[in-house]
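Residue-level listing of the chains:
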Amino acid sequence: MSKFIFSEINKDEAKKVWLKTFSQNCFNDPLILENLDHKIKYFMVTNQGTPIIFWPTIINNNNIIIPNNFYYVGPTLTDEFYKLKNHSKVSVLNETLECGLNEIFKKFKKIHFQSHPSFNDIRYFLWNKNLNVNIKYSAFLQPQKDFIINWRDLRKRQLKKILKIKEKLYIDQSVTFNEILNLAQGTIGANKKNLKEYINLDFFIKLYEKQLSKVFSLREKKTKKILSICYTIEDQKSVNLIYNFADNQWKNDGIIQLNIYQVIKYCLKKKKILDFNGANSYVGADDKGSYGSEERIYFSFINE
């Protein structure tokens, strides 16, 4: 009998195993995943009864998928793996992934999953070539007390400009579905029906209504009009910036910079990393880098 065992587990057991994963990222958290309008299945691979890999899957028509504005859903290493001696890690990881993937391939047609930046030993996939491996980038910021000194000069000027009229604004943590949709439309430019699906808004509003996410917003005092929002999901180690939208008439006045400033201050208070979640285009990477963030590699795996 193999010492490596692949098994499906229920959401209650999945939550217990997730709490023992190294990254504990929110996108693999059953509490978050259960709010998606997709079937969720949780798997685990053990070595001699010890959980090594926690493997949540999001399923649509018997395909494993990654929804829009979602990251890092895939095999996640537990704390037990990192307790292994170095001389055992390569072989245990190789056999654990092989055990898991053999079963995954039997159960599903198309497969798409991602790894968290903390899980960067992907040699198994390079050796076996059974999936296409794509390099992805995110941007991480570990806030320091004087974090503004690491901002690009342009960002500093924009923040200084908006602070001159801060008495006209107020910080809020409430937002409506249509307010997000309207700001997103101004930022992205798609029609609202396609945009709602593109940004997966129904799901993220559901999280917000259940207080599983946090919104940082700025409003104009006189009109109470929403001017900017940063939508975040927090986990044990990081604050994940999912959306960052602003009113077009205020964009050049530093409204986004003031909002991100508030988010970074919150991260500093909570002693957590800010994950900008996705820095794969030049425009996105350059913008997120302008706040002093550093690139982090993660990987996407697909069998197409």
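Reading the values: rules and limits
Residues numbered from 1 in each chain as written. Predicted model: local features only at pLDDT ≥ 70, side-chain atom pairs only at ≥ 80, totals over all residues. Heavy atoms only, no water. Helix = DSSP H or I, 4+ residues; strand = E, 2+ residues; numbered from the N terminus. Core = buried A, V, L, I, M, F, W, Y, C linked by side-chain atoms within 4.5 Å. Buried < 20%, exposed > 50% of the residue type's maximum accessible area, 1.4 Å probe, protein only. Contact = heavy atoms within 4.5 Å. Lys, Arg positive; Asp, Glu negative; His and termini not counted. Salt bridge = Lys/Arg side-chain N within 4 Å of Asp/Glu carboxyl O. Polar contact = N/O pair within 3.5 Å; in protein donor to acceptor, adjacent residues only side chain to side chain. Pairing = 2+ DSSP bridges. Axes fitted to C-alpha atoms, helices over the stretch in contact; angles between N-to-C directions. Arc of directions from axis to C-beta.

> Teacher, can you tell me more about unusual backbone geometry here?
Note: most residues except glycine have negative phi, and most peptide bonds are trans. Of note, the phi angle at Gln24 is positive, near 45°, even though the residue is not glycine. Note on placement: Gln24 falls in the loop between α1 (11–18) and α2 (30–33).

> Would you mind going over the nonpolar core with me for this structure?
Across soluble globular proteins, nonpolar side chains show a tendency to be buried alongside one another. Core analysis: the largest hydrophobic core is formed by 43 residues, its most contacted members being Phe70, Ile180, Phe204, Tyr231 and Tyr243. Residue assignment for this core shows that the elements contributing at least two residues are α1, α2, β2 (39–47), β3 (50–60), α7 (177–188), α9 (201–209), β10 (226–234) and β11 (238–246). The element that contributes the greatest number of residues to this core is α9, accounting for six residues. The residues contacting Phe204, other than those within four sequence positions of it, are Asn68, Asn69, Phe70, Ile199, Ser213, Tyr231, Ile233, Ile242 and Tyr243.

> Please explain the side chain of Lys288 as it appears in this structure.
Turning to its location among the elements, Lys288 is positioned in helix α11 (residues 282–289). Buried within the structure, Lys288 lacks any salt-bridge partner; Asp287 is the closest side chain of opposite charge, at an N-O distance of 6.6 Å. At 3.3 Å, the side chain of Lys288 forms a polar contact with the backbone oxygen of Phe276. Once you skip the residues sitting within four places of it in the chain, Lys288 turns out to touch Ala139, Phe276, Asn277, Gly278, Ala279 and Ser293.

> Help me understand the sheet that holds strand β8 (residues 169–172) in this model?
Spatially, β6-β13-β7-β12-β11-β10-β9-β8 is the arrangement adopted by the eight strands of the open sheet, whose pairing is mixed. Every other strand in the sheet has two partners, leaving β6 (112–114) and β8 as the edge strands with one partner each. Strand-to-strand twist across the sheet, computed as the mean angle between neighbouring axes with direction ignored, equals 30°. Direction of pairing for strand β9 (residues 214–220) relative to β10: antiparallel, over a ladder of six bridges. The residue of β10 that forms the bridge with Leu218 is Ser228.

> Can you help me understand α1 in this one?
An α-helix turns once per 3.6 residues; consequently, residues spaced three or four apart project the same way. Those residues of α1 that fall on the buried side of the exposure criterion are Ala14, Val17 and Trp18. Angular distribution of buried residues about the axis of α1 spans 100°; they occupy a single face of the element. Pointing more than 90 degrees away from the buried face of α1 are the exposed residues Asp12 and Lys16. In the core, the buried residues of α1 are packed alongside β1 (4–9), α2, β2 and β3. Two to three positions downstream of the cap, the backbone nitrogen of Asp12 sits 3.1 Å from a side-chain oxygen, assigning the N-cap of α1 to Asn10.

> I'm lost on the environment of Pro117 in this one. Help?
Its place among the elements puts Pro117 in the loop between β6 and α5 (123–128). Residues Pro117 and Ser138, 21 residues apart in the sequence, show an inter-C-alpha distance of 8.3 Å. Beyond its immediate stretch of four places on either side in the chain, Pro117 contacts Tyr72, Phe140, Arg296, Ile297 and Tyr298.

> Explain the environment of Gln173 to me, please; I cannot follow it from the model alone.
Position of Gln173 among the secondary structure elements: in the loop between β8 and α7. The class for Gln173 is partly exposed, based on a relative accessible area of 44%. Apart from residues lying up to four places away in sequence, Gln173 is in contact with Tyr208, Lys214, Val215 and Ser217. Here Lys214 takes part through its side chain, which lies 3.3 Å from a polar atom of the side chain of Gln173.

> Looking at this structure, I do not really get the pattern of salt bridges. What am I missing?
Oppositely charged side chains can form a pair if their charged atoms are brought close together. For the coordinates displayed, the defined rule picks out 16 salt bridges. For the salt bridge of Glu103 with Lys106, the shortest nitrogen-to-oxygen distance reads 3.3 Å. Highlighted residues: Glu103 and Lys106, both in helix α4 (residues 86–107), separated by three residues, approximately one helical turn. On the basis of relative accessible area, Glu103 is assigned to the partly exposed category, the value being 25%.

Without other data, these values stay purely geometric and don't point to any function.
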